[in-house]
Amino acid sequence: MDFSVKKLASGAGLFLTRAVQFTEEKLGQAEKTELDAQFENLISRADCTKHWTEKIYRQTEVLLQPNPSARIEEFLFEKLDWKVPSRVTNAELLGQYMQDAAKEFDLGMPYGNTLEKVGECEKRLGEAEKEFLQTSAISFLTPLRNFLEGDWRTISKERRLLENLRLDLDACKTRVKKAKVAEAKAAAEHELRIAQTEFDRQAEVTRLLLEGISSTHVNHLRCLHEFVEAQAAYYKQCHLHMQELQKELGSSTFKLPNAFALNSTNAIATPSMVTEGSSSPVETDTLKIEEVQAPATGTRKARVLYDYDAADSSELSLLADELITVYTVPGMDSDWLIGEKGNHKGKVPVTYLELLS
C-alpha cells in the first residue's frame, strides 16, 4: 500500500515537473533543447505522410463505398472479426429489375427483348465492379490502413515518450543552474547525466522509426500502381461489355405486327389505320448503302472515338482516332449516321463519334 502511494506521488510529481517546464518554455522563462534540423525534417515528413495518407484512405473508402451506413457496418464487422456479408451492387440490382420487367413485357417484343439484353449487361458490369472493389480493398486500402493503425501509432507513441524525456532533461538543466549548494548541485548534475542518456537513446529509436517513412513511401507507391492497374482493368472490362451491348442492339431488328405499326410521324397506328396490303415502315426493305447519295450540304467531319467492327455489309468498320465524313439521310434512325472514308461508305453509330465543326 505504501509502495503504491509512493509510486502515485512520484508519478504526480513527475507530471507536475513536466507541466511546469512546458509552461515556462511557452512563457519564455526556460530554455528548450532543440532537435537538430535533420531530425525536424524527418518529423515534418512523417506528419505530412500521415496527413495525406489519411485523406487518401478516407476518400478511397468513399469512392469504393459511397454509402456511409454501409461503410460503418463494414467497419463494425471488421472490428468484431466477423465476415463482411457480400453486397449486391447497384448495377446488379438494376440488371435484375430489367430482366424481371422483360419477362412481364414479353421477351418476344422489342422492348422486352432489349430490357433482357441490357439487364444482362448491367449484371456483368456489377460483377466487374464487385471484383474491382475487392481487389482495391486488398491491394490499396489495407496497406494504407495498416500504416495508420500500426506504424504510425508506434511512431506517435515513441515521439510522445521522446518529448517527455526532453522535458525531464530540460528540467534537470534548470535545477543544475539553480543549485547553490555543492552537494545539491552534484545530485542535480547526476540526474542530468541520466536524463541526457535516456533522451539520447530515445532520440535514436525515434529517428530510426522516422527514417522508415522512406520504406513506407516505396510500399505505398507499389500499392498505388496496383490500384491503377485494377481501376484500368475495371474500366476496360466495362467498356468491352458496353461495346458488345451496343453491337448486339445495333444489329437487332424487330418486326412489329401491322396493328401496332408506326406511322410516318412516329405515332402508334390503330388497327383501323392499317389497310390491307399496307406495310409498316419497320417492314420496308433494308436501306441499301450503295444507293444513298451524299447531300450537297449537311456533311460534317467526325473523329472516331473507339474501334468498331461492322455487323453486316450495310455498316462501316472504324478505327479509333481516324477522321471520316458523316451525314444523315431521311428516315434514318437518329442513333446512326452515314459515314464515308475513301471509297467506302456505310452506317456508323453516333456514340462512337465525336462530331467536329
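Sequence order sets the numbering: in each chain, residues are counted from 1 along the sequence as written. Only residues with pLDDT of at least 70 get local features here, since the model is predicted, and only at 80 or more are side-chain atom pairs given and counted; chain-wide, interface and lining totals rely on the full set of residues. The basis for the side-chain values is all heavy atoms of the structure; hydrogens and waters are excluded.

As named in an unreviewed UniProt entry, the protein chain is Endophilin-B1, taken from Astatotilapia calliptera. UniProt positions are given in the numbering used here, feature names are shortened, and annotations may be inferred rather than shown by experiment. According to its UniProt record, the protein chain has this under Sequence similarities (unreviewed entry): "Belongs to the endophilin family." UniProt's Subunit (unreviewed entry) comment on the protein chain is quoted here verbatim: "Homodimer, and heterodimer with SH3GLB1."

(A) Region of the structure containing the overall build of the protein chain. To qualify as a helix, a DSSP run of H or I must reach at least 4 residues; to qualify as a strand, a run of E must reach at least 2; elements of each kind are numbered from the N terminus. When helices and strands are tallied, the protein chain shows seven helices and five strands. Listing every helix and strand of the protein chain by position from the N terminus yields α-α-α-α-α-α-α-β-β-β-β-β. Here the term buried applies to any residue with accessible area under 20% of the maximum for its type, exposed to any over 50%, and partly exposed to those in between, with areas from a 1.4 Å probe on protein chains only. Within the protein chain, the fraction of its 357 residues that count as buried is 30%. Look at the contacts in the protein chain between residues 6 or more apart in sequence, and 63% of them connect residues 24 or more apart. Per-residue accessibility takes into account occlusion by the displayed protein chains alone, with areas from the Shrake-Rupley method and a 1.4 Å probe. Here the protein chain has roughly 23,400 Å² of accessible surface; of this, 56% comes from carbon and sulfur atoms. Note on definitions: a residue-residue contact is assigned when non-hydrogen atoms from the two residues lie within 4.5 Å.

(B) Quick look at the sheet that holds strand β5 (residues 353–355). Strand pairing is assigned whenever DSSP identifies at least 2 bridges connecting the two strands. Strand order across the open sheet formed by five strands is β4-β3-β2-β1-β5, with antiparallel pairing between neighbours. Of all strands in the sheet, those with a lone pairing partner are β4 (344–349) and β5, marking the two edges. For this sheet, the mean angle separating the axes of adjacent strands, direction not counted, is 40 degrees. Here strand β3 (residues 336–341) pairs with β4 via six bridges, running antiparallel. Within β4, the residue paired with glycine 339 across the bridge is glycine 346. The axes used here are C-alpha line fits, helices contributing only the stretch in contact, and every angle between their N-to-C directions lies in the interval 0 to 180 degrees.

(C) Representation of the packing of helix α2 (residues 37–64) against helix α6 (residues 182–211) in the model. Relative orientation of the contacting elements α2 and α6 amounts to 45 degrees, with a least axis distance of 9 Å. When the interaxial angle is binned, α2 and α6 end up oblique. Here the hand of the crossing between α2 and α6 comes out left-handed. On the side of α2, the interface is formed by Gln38, Phe39, Leu42, Ile43 and Ala46, while α6 contributes Ala203, Thr206, Arg207, Leu210 and Glu211. All residues other than Ala, Val, Leu, Ile, Met, Phe, Trp, Tyr, Cys, Pro, Asp, Glu, Lys and Arg, Gly among them, are scored as polar; the first ten of these are nonpolar and the last four charged. Within the contact of α2 with α6, the residues separate by chemical class into six nonpolar, two polar and two charged. For classification purposes, angles smaller than 35 degrees are called roughly parallel, those larger than 145 roughly antiparallel, those between 65 and 115 roughly perpendicular, and all remaining angles oblique. Crossing handedness is defined as follows: a turn of the near helix away from the far one that is anticlockwise and smaller than a right angle gives a left-handed crossing, while the clockwise case is right-handed.

(D) Spatial organisation of the nonpolar core. Within this scheme, the nonpolar core is defined by two criteria: the residues are buried Ala, Val, Leu, Ile, Met, Phe, Trp, Tyr or Cys, and they are joined through side-chain atoms within 4.5 Å. With 37 residues, the main nonpolar core has Phe39, Phe132 and Leu210 as its most contacted residues. Listed by contribution, the elements that provide at least two residues to this core are α2, α4 (90–105), α5 (110–178), α6 and α7 (213–251). Apart from the residues within four sequence positions on either side, leucine 210 is in contact with Phe39, Leu42, Ile43, Ala46, Ile155 and Arg159. Core analysis: the next-biggest nonpolar cluster, separate from the first, contains 16 residues, Val329, Met332, Trp336 and Val348 among them.

(E) Here's a closer look at the packing of aromatic side chains. For Phe, Tyr and Trp, rings pair up if their centres lie within 6.5 Å, where Trp contributes its six-membered ring, and each pair is then called stacked (planes under 30 degrees apart), edge-to-face (over 60) or tilted (otherwise). Going through the model one piece at a time under the given rule, you end up with eight aromatic pairs. Relative to tryptophan 152, the ring of phenylalanine 147 has its centre 6.3 Å away and its plane inclined at 50 degrees; by these criteria the two rings are tilted. Note on phenylalanine 147: relative accessible area 2%, which makes it buried. Pairing tyrosine 306 with tyrosine 352 gives two aromatic rings, centres 5.7 Å apart and planes at 85 degrees, and the pair type is edge-to-face. Note that tyrosine 306 is positioned in the loop between β1 (300–304) and β2 (323–327) and tyrosine 352 in the loop between β4 and β5, a separation of 46 residues in sequence. What makes tyrosine 306 partly exposed here is its relative accessible area of 34%. For a lysine, the NZ atom is tested; for an arginine, the CZ atom; a charge sits over a ring if that atom is within 6 Å of the ring centre and within 35 degrees of the ring normal. It is lysine 347 that lies over the ring of tryptophan 336; its NZ or CZ is 5.1 Å from the centre.

(F) Quick look at the pattern of salt bridges. Note on definitions: salt bridges are taken to be side-chain nitrogens of Lys or Arg within 4 Å of carboxyl oxygens of Asp or Glu. All chains considered together, the criterion is met by 16 salt bridges. A salt bridge links glutamate 248 to lysine 117; the nearest nitrogen and oxygen atoms lie 4.0 Å apart. Taken together, the residues span a long stretch of sequence, with glutamate 248 in helix α7 and lysine 117 in helix α5 at a distance of 131 residues. Between lysine 173 and aspartate 170 there is a salt bridge, with its nearest N and O atoms 4.0 Å apart. Here aspartate 170 and lysine 173 lie together in helix α5, a separation of three residues that amounts to about one turn.

(G) Layout of unusual backbone geometry. Positive phi, close to 85 degrees, is recorded for aspartate 106, a residue that is not glycine. The class for aspartate 106 is partly exposed, based on a relative accessible area of 42%. In this model, aspartate 321 sits at a positive phi of 80 degrees, which is unusual for a non-glycine residue. Here aspartate 321 shows up in the loop between β1 and β2.

(H) A look at α5. One less than the number of residues in a helix, times 1.5 Å, gives the span that helix is expected to have. Over its 69 residues, α5 extends 96 Å from the first C-alpha to the last, a length consistent with the 102 Å expected when each residue adds 1.5 Å. Note on bend: the value at a residue is the angle between axes fitted to the seven residues ending there and to the seven starting there. Where α5 bends most, at alanine 137, the angle is about 40 degrees.

(I) Up close: the environment of alanine 137. Along the polypeptide, alanine 137 turns up in helix α5. By relative accessible area, which is 27% here, alanine 137 ends up partly exposed. Sequence separation of alanine 137 and leucine 64 is 73 residues, and the distance between their C-alpha atoms is 8.3 Å.

(J) View of the confidence of the model for the protein chain. The predictor attaches a confidence to each residue, and that confidence, scored 0 to 100, is pLDDT. Within the protein chain, residue pLDDT values average 82, and 78% of them lie at 70 or more. For the protein chain, the element scoring lowest by mean pLDDT is helix α1 (residues 2–26), at 63; α2 scores highest, at 95. Across residues 255–286 the pLDDT falls below 50, and counting only partners more than four positions away or on other chains, this stretch makes 27 contacts in the model.

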